[in-house]
Amino acid sequence: MNNETIEKKLAKYHEFFSIEHNFSINILPLELTKVASFEQFLVDMPTPFKMASDMKSIDQSALRPLQALSGVAGQLVEFLNHQSSKIDLLIGYILSQQDDEEHRYQGIKFGGGGLLFTANTAFKLAQFLEMKIFLLNQNCAVFCYGEVIEVQQEQESYLHKVIFHFIREDDREILVRNSLHEQSKQLQVLAQQRNQEGKI
């Protein structure tokens, strides 16, 4: 990789907001032949990941028009939200079964452009990876292909910066939405801490 290519890929990584957050990720190295086409990527995607993101998208588009309604319709929206939460819990459980301990790594940052993860041994620069990203506190997971664009040694481990090579737009949107949701939670915790300190 020449410097221009690295700079372009880093710009792609930083194109979207990302948030520091601990999550599990399954990683398998990929041969170049496996990343030849987006169509083949879709064929290779495990069914639970297809179902999960499709159902999330359906939920979002179905509930959006009802959000502005009030009265009895507001109660209906609340009921549908509860049903959606139940389905999310079920999907979260199904997706958790896809988490293979043998291929599990620690993710530490994610966003719409890529992610950071740590490993005890270094993956090669420009290595393509099959990734299963588990955000199980949000009952969701994403299947995608990535490319290692930066590797840094930090004490006993290696920090890997990865951009998404193949990812469905719906799945990218899920990651963006979750990164913003996580930021909101972190800001709330920070505000509470400041309030506590102010009372002392």
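Residues numbered from 1 in each chain as written. Predicted model: local features only at pLDDT ≥ 70, side-chain atom pairs only at ≥ 80, totals over all residues. Heavy atoms only, no water.

A closer look at the pairing of strand β2 (residues 104-111)
At step 1: Pairing of strand β1 (residues 18-30) with β2, which is carried by 7 bridges, proceeds in the antiparallel orientation. For glutamate 20, the partnering residue across the bridge sits in β2 and is lysine 109.
At step 2: Two strands pair when backbone bridges link them, and β2 and strand β3 (residues 114-119) are joined in this way by 4 bridges, in the antiparallel orientation. Within β3, the residue paired with phenylalanine 110 across the bridge is leucine 115. (Pairing = 2+ DSSP bridges. Helix = DSSP H or I, 4+ residues; strand = E, 2+ residues; numbered from the N terminus.)

So, helix α5 (residues 169-199)
At step 1: Under the 1.5 Å per step criterion, the end-to-end length of α5 is 45 Å for 31 residues, consistent within 8% with the ideal 45 Å.
At step 2: Along α5, the positions that sit buried rather than exposed are Asp171, Arg172, Ile174, Leu175, Asn178, Ser179 and Glu182. (Expected span 1.5 Å × (residues − 1). Buried < 20%, exposed > 50% of the residue type's maximum accessible area, 1.4 Å probe, protein only.)

Side note on the side chain of glutamate 147
At step 1: Note on placement: glutamate 147 falls in strand β5 (residues 140-154).
At step 2: Owing to a relative accessible area of 6%, glutamate 147 belongs among the buried residues under this scheme.
At step 3: Side chain to side chain, glutamate 147 and lysine 9 meet in a polar contact 2.6 Å long. (Polar contact = N/O pair within 3.5 Å; in protein donor to acceptor, adjacent residues only side chain to side chain.)

With respect to the pattern of salt bridges
At step 1: This model, assessed by the stated rule, comprises 8 salt bridges.
At step 2: The partner of lysine 9 in a salt bridge is glutamate 147, and the shortest N-O contact between them spans 2.6 Å. With a gap of 138 residues between them, lysine 9 in helix α1 (residues 3-13) and glutamate 147 in strand β5 connect regions that are remote in the sequence. Both residues of the pair, lysine 9 and glutamate 147, count as buried.
At step 3: For the salt bridge of glutamate 173 with arginine 177, the shortest nitrogen-to-oxygen distance reads 3.0 Å. You can see glutamate 173 and its partner arginine 177 sitting in helix α5, 4 residues apart, about one turn around the helix.
At step 4: On the accessibility criterion, glutamate 173 (43% relative accessible area) is partly exposed. (Salt bridge = Lys/Arg side-chain N within 4 Å of Asp/Glu carboxyl O.)

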